[in-house]
Amino acid sequence: MTTGGDAKTSLDEDETSELEPSDTVSTVVSTVSGFPARMASRTVAVFRGAPPWFHSKFTGMREFFRAPGPRLRAGVTQLRREMDSLSWIQLIALIVVFALFLIVPLLSVAVYSFTDQNTGLLTLDHFINLFNNTGIWPFANSEWARLIHLNIIEIDGDVMTIRGWDLGAIMNSIYVAVIVTGVSVLIGTFFAFIVARYDFRGKRIVRTLLIFPILATPFIGAIGIRSFLGQYGLVNNLLYGTLGIFPYRIVIEGLAAVIFVQSFSFFSLVYLNAYSSFMSIDPSLEEQAENLGATGFKLFRSVTLPLAMPGIQAGAILTFILSIEDLGTPIIFRETAGGQARKTLAYMVFEDVATGAGDISPVGPAIGMILLVFALLGFLAIRKYASLRSYASGTKGGQWNPRTRQISSRTTVLLYAVLVPVLFLALIPQLSVLLLSVSAARETTAVIPELTLGNYVGMAETYPNVLASINLTLVYGAIATVFIVLLGSSAAYLIARKDIPGKMWLDLLVTSPIALPGIVIATGYFTVFYGTPLFPASAPAFLITMSYTIRKFPFTVRAAYAGLLSTPVDLEEASQNVGASKNQTFRKITLPLIGVSVLAGSLLSFVYSVSEVSTSLILGGVGPDQAPMTYWTEVLSRTQAGTGFAAVLGVLMMALQMVVITVTNKILGTKSSAMTGI
């Protein structure tokens, strides 16, 4: 029991500590050291709120198994009432395609990872072996402190090398994704708020530039960054060699380079979702808060930010998923920092699966299952937060003009003083790829290297297979886009217009590929189809096309769904009232009305198909003659001489994406859900 004296002493100590001025260094140390605990607390709070949500989603399934008879009869009656011949064809086609090329491959990976290949029995040995592997999980070893590496800065002569921590593949992937997500949220939310709430000169240009970082994926940007920020890159040649500002040539390698590239590639995902959320906030809510005395930062912190949080959180979770499954960036930096980037989950799956012979050890699928768990949890969290948007915006069902404020010329100058450096960092991957494609020398001490178009001409003469791969990539993307348009508009129509049992699960199915690791899906294609007529040895063309169809499906389906929601159902009912069948109504009324949305979504699906990395690398490695452009980009980037040619492919890819994304951004406006696929 605490006595009164003890209590008084404790109180006096607390009061004294509050009166004493805090030491700045101690405060910073306390803040940094307490960050993991706060992060863990926040994560626990999020997942504590998840069980009721999961419970509500699975309540219907539990009730169904308690009394299946009446519910089956009611479901059949509902299907007869809602479905016609065209709707049945659409539904069956969707189920067959997604079952065959998504569900079965993922289940195959799961079974493969839990099966002993010698006895055929289920086992956990593959996962036990993973966690006994010090390269994957060093903490299982009693000497783990010797196996991890926390020294992130090394100085050798006039070169300072910055690299990441090496904590084993699992922790490496997690901490990289956490840092990338944190940086992306800060930058993306900042830009989203500025663009959504302020009018200033050049705003339209800034909006367009903010979409460019997602061009060409981190894979292409990493090629340019490796050269641009290398020992003899432009930055070091200028700031160390010419101006003498840097005391060393600063080189970013390994996981630190992966963090840099991903952060300034993925922040646009947060920006798009946050911008959509800020634009959808009912202005009357902020006006009421201002009437109660909340202004400035207090208004932003207590009203605006919480209302926009669902979009920010959805973008953050998507960034986390894409970071942890990103394969292209670790591949580019795998030879730096002692091969540090090889110790990531995505790269270890690639290294095990991409043998070119179709032989797969259980290690790759087992690691793939860990990736899949992260992705599924993140995807379900996205769906939870995305479903809150209508509530968070406080909409009353009407339309309004978002709150914007015109800023003065002086303030615009100050704003650009902040925007320009951040935008420059964000566009370094694209600028560096462009510079590398026209550079005559790979390593030079000159600030601006000798410029030439020789890389463009030389690639055509030296690598005819690469030119053929460009044509193949466009063909694969075009065929996949046709499939996506047909199936995507069908899926959107069923979800938006038909009240059928299991509609929620259909929606989850067709939007899930955006968050599922492509490398795991590609692994499933090996375990299911390799050696069959669908996947003959050295002939991956069909499955490459189908992987594009499945992986990029959400862009079109979400765009078409948004178009259907904004199209009055009365027009379709009027068509049927004057004698048109449901098939005729869908073909002559519905499709033309949502044509613009479907066009925008299909363009996005096409442009992201031609830049697909993980499935292209794994499937293309089996048959290089049928491999797409991204496969040859990786092959060329392996050597110093081929880096310029790889940059040429990157420029071609960025040019295509720049045109398409600019057009779709113009068409879709603030409807960023179609841009991100969620």
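Residues numbered from 1 in each chain as written. Predicted model: local features only at pLDDT ≥ 70, side-chain atom pairs only at ≥ 80, totals over all residues. Heavy atoms only, no water.

*Asks:* Help me out: how do you make sense of the overall build of the protein in this one?
*Replies:* Looking only at helices and strands, the protein has 32 helices and five strands in total. A total of 678 residues make up the protein; the buried ones form 51% of that total. Long-range contacts, defined as pairs at least 24 residues apart, comprise 77% of the intrachain contacts of the protein with a sequence gap of at least 6. About 30700 Å² of surface is accessible on the protein, with carbon and sulfur atoms providing 64% of the total. (Helix = DSSP H or I, 4+ residues; strand = E, 2+ residues; numbered from the N terminus. Buried < 20%, exposed > 50% of the residue type's maximum accessible area, 1.4 Å probe, protein only. Contact = heavy atoms within 4.5 Å. Areas by Shrake-Rupley, 256 points an atom, 1.4 Å probe, with all protein chains shown as cover.)

*Asks:* Where do I start with helix α12 (residues 254-279) in this structure?
*Replies:* Here α12 is 26 residues long and its end C-alpha atoms lie 38 Å apart, about the 38 Å a rise of 1.5 Å per residue gives. At S263, α12 is bent by approximately 30°, the largest bend along its length. α12 sits mainly inside the fold: 26 of its 26 residues count as buried. (Expected span 1.5 Å × (residues − 1). Bend = angle between axes of the 7 residues up to and from the residue.)

*Asks:* How should I be thinking about the sheet that holds strand β1 (residues 153-156) in this particular structure?
*Replies:* Hydrogen bonds between backbone groups are what pair the strands of a sheet, and the pairing can be parallel or antiparallel. With respect to topology, three strands assemble into an open sheet ordered β1-β2-β4, the strand pairing being mixed. The sheet is open, and its two borders are formed by β1 and β4 (249-252), each paired with just one other strand. Taken over all neighbouring pairs, the strand axes of this sheet differ in orientation by 20° on average, direction set aside. With four bridges connecting them, β1 and strand β2 (residues 159-162) associate as antiparallel partners. Bridge pairing in β2 places I155 opposite M160. (Pairing = 2+ DSSP bridges. Axes fitted to C-alpha atoms, helices over the stretch in contact; angles between N-to-C directions.)

*Asks:* Just checking my understanding: could you explain the packing of helix α8 (residues 169-197) against helix α14 (residues 296-325) for this structure?
*Replies:* When two helices pack together, their arrangement is captured by the angle between the axes and the distance separating the axes. Direction vectors running N to C along α8 and α14 enclose 140°, while the axes themselves pass 8 Å from each other. Relative to α14, the element α8 is oriented oblique. Like other packed secondary-structure pairs, α8 and α14 cross with a definite hand, here right-handed. Contact residues: α8 offers S173, I174, V176, A177, V178, V180, T181, S184, V185, T189, F193 and R197, while α14 offers F300, T304, I312, A316, T319, F320, S323 and I324. (Parallel < 35°, antiparallel > 145°, perpendicular 65-115°, else oblique. Left-handed = near helix turned anticlockwise from the far one by under 90°.)

*Asks:* Please clarify how empty space enclosed by the protein should be interpreted in this entry.
*Replies:* In this approach, a probe sized like a water molecule rolls over the atoms, and the result shows the empty space that is left. Using the criterion set out here, one finds three cavities of 30 Å³ or more in the structure. When its volume is computed, the largest cavity comes out at roughly 520 Å³. In terms of lining residues, the largest cavity is bounded by 26 residues, among which T217, P218, F266, L322 and K552 are the most central. Residue composition of the lining of the largest cavity, by class: 15 nonpolar, six polar and five charged. (1 Å grid on protein atoms, 1.4 Å probe; cavity = no way out; pocket = protein on both sides within 12 Å on 5 of 7 lines; lining within 4 Å. Points joined across faces, edges and corners; volume = space filled by probe spheres on them. Nonpolar A, V, L, I, M, F, W, Y, C, P; charged D, E, K, R; others polar.)

*Asks:* Would you explain unusual backbone geometry in this entry?
*Replies:* Among all residues save glycine, negative phi is the norm, and among peptide bonds the norm is trans. Phi is positive for A337, close to 55°, though the residue is something other than glycine. Tracing the backbone shows A337 in the loop between α15 (328-332) and α16 (345-353). Phi is positive for S538, which is not a glycine, with a value near 70°. Inspection of the secondary structure assignment puts S538 in the loop between α23 (518-529) and α24 (541-551).

*Asks:* Honestly, helix α10 (residues 217-228) in this entry has me stumped. Any pointers?
*Replies:* Every α-helical turn comprises 3.6 residues, leaving residues that sit three or four positions apart pointing alike. For α10, with 12 residues, the first-to-last C-alpha span of 17 Å sits near the 16 Å given by 1.5 Å per residue. Most of α10 sits inside the fold, with 10 of its 12 residues counted as buried. Among all positions of α10, only T217, P218, F219, I220, G221, A222, I223, G224, I225 and F228 are buried.

*Asks:* So what exactly am I meant to see when it comes to the pairing of β4 here?
*Replies:* Looking down a regular strand, the side chains alternate between one sheet face and the other. Burial along β4 is one-sided: R249 and V251 are buried, while I250 and I252, pointing the other way, are not. In the sheet, β2 pairs with β4 via four bridges, with the strands oriented parallel. Looking at β4, one finds that V159 is bridged to R249.

*Asks:* What exactly am I supposed to notice about the pattern of salt bridges here?
*Replies:* Pairs can form between side chains of opposite charge whenever their charged atoms are close. Within this structure, the stated rule accounts for 13 salt bridges. Notably, a salt bridge pairs E634 with R334, separated by 2.7 Å at the nearest N-O pair. Separated by 300 residues along the polypeptide, E634 in helix α30 (residues 629-637) and R334 in the loop between α15 and α16 bring together distant segments of the chain. The pair formed by E634 and R334 is uniform in burial state, with each residue classed as buried. (Salt bridge = Lys/Arg side-chain N within 4 Å of Asp/Glu carboxyl O.)

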